[in-house]
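# Overview (structure and organization)
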Amino acid sequence: RVQMAEVWIDLGESQGVIDALKGMWGKDFRSCGNFGCQFYSAKASKFWMSMSYGRNVIRADPFWFEYNQMGDINDFFGSYWTTLVAKFPSARLHWAGHWPAPGTQYGTTTIGADYCRKSYPQFQAWLQKRSAFDPSNVFLSDYWAGLLGL
């Protein structure tokens, strides 16, 4: 089994992303993991909650092999979030990837509703639509309630 995280950053920051990760890998070989990290781009999207909403992006996708006997998943992905989320204000995490716990801080960025508001310009409008479609919060777990500030 494999877990992944995705960090989407403005395409204009591509060289900085690669340089930051090369620096991280050079300082701590464990941050390389025992699998891989892929990079690719995506065009700007007009969909509100897309990680590429309104901008072209580079994606960094580190992978974690669940049966890894060295380190743990939160430390592994934490090194990527420290390197990318803390250093690149345009960083957006993919909704379907592994996320830090709400309240976790990377540099001046704290993961939670404020992070979502800052990262997604249409976040408040989306919250209103979410509430209208699910007024009884049937599809809202405790985790997502904490992350979204609900």
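Just so it is clear, the structure is predicted and the values come from calculations on it, not from any experiment.

## Re the overall build of the chain
For the chain, the count of helices and strands is five helices and seven strands. For the chain, the N- to C-terminal ordering of α and β elements is β-β-α-β-β-α-β-β-β-α-α-α. On C-alpha atoms alone, the chain measures out to a radius of gyration of 16 Å, which is about the 15 Å that the 2.2 N^0.38 rule sets for 150 residues. By principal-axis analysis of the C-alpha atoms, the chain measures approximately 45 × 35 × 30 Å. Each of the 150 residues in the chain was classed as buried or not, and the buried ones make up 43%. Of the contacts formed within the chain by residues at least 6 apart in sequence, a portion of 64% connects residues at least 24 apart.

## A closer look at the nonpolar core
I9, W81, L84, L93, W95 and W99 are the most contacted members of the largest nonpolar core, which has 38 residues in total. Looking at which element gives the most residues to this core, the answer is helix α2 (residues 73-84), with six residues. Sequence-distant contacts of I9, defined by excluding residues within four places in its chain, comprise V17, R55, N56, V57, I58, L84, F88, S90 and A91.

## Let's talk about the pattern of salt bridges
By the definition in use, this model includes four salt bridges. Notably, a salt bridge pairs R117 with D114, separated by 2.8 Å at the nearest N-O pair. Taken as a pair, R117 and D114 lie in helix α3 (residues 113-119) at a separation of three residues, close to a single helical turn. Taking the relative accessible area as the measure of exposure, R117 reaches 36% and is therefore partly exposed. Residues R130 and D134 are paired through a salt bridge, measuring 3.4 Å at the closest nitrogen-oxygen approach. Its relative accessible area of 8% is what places D134 among the buried residues.

## Some thoughts on α2
Counted at 1.5 Å a residue, the expected span for α2 with its twelve residues is 16 Å, and the 17 Å between its end C-alpha atoms agrees. Burial analysis of α2 places nine of its twelve residues in the buried class, which makes it a mostly covered element. All of the buried residues in α2 are I73, F76, F77, G78, S79, Y80, W81, T83 and L84. Residue D72 occupies the N-cap position of α2, its side-chain oxygen lying 3.1 Å from the main-chain nitrogen of N74.

How each quantity is defined
Residues numbered from 1 in each chain as written. Predicted model: local features only at pLDDT ≥ 70, side-chain atom pairs only at ≥ 80, totals over all residues. Heavy atoms only, no water. Helix = DSSP H or I, 4+ residues; strand = E, 2+ residues; numbered from the N terminus. Rg over C-alpha atoms; globule rule 2.2 N^0.38 Å. Buried < 20%, exposed > 50% of the residue type's maximum accessible area, 1.4 Å probe, protein only. Contact = heavy atoms within 4.5 Å. Core = buried A, V, L, I, M, F, W, Y, C linked by side-chain atoms within 4.5 Å. Salt bridge = Lys/Arg side-chain N within 4 Å of Asp/Glu carboxyl O. Expected span 1.5 Å × (residues − 1). Polar contact = N/O pair within 3.5 Å; in protein donor to acceptor, adjacent residues only side chain to side chain.

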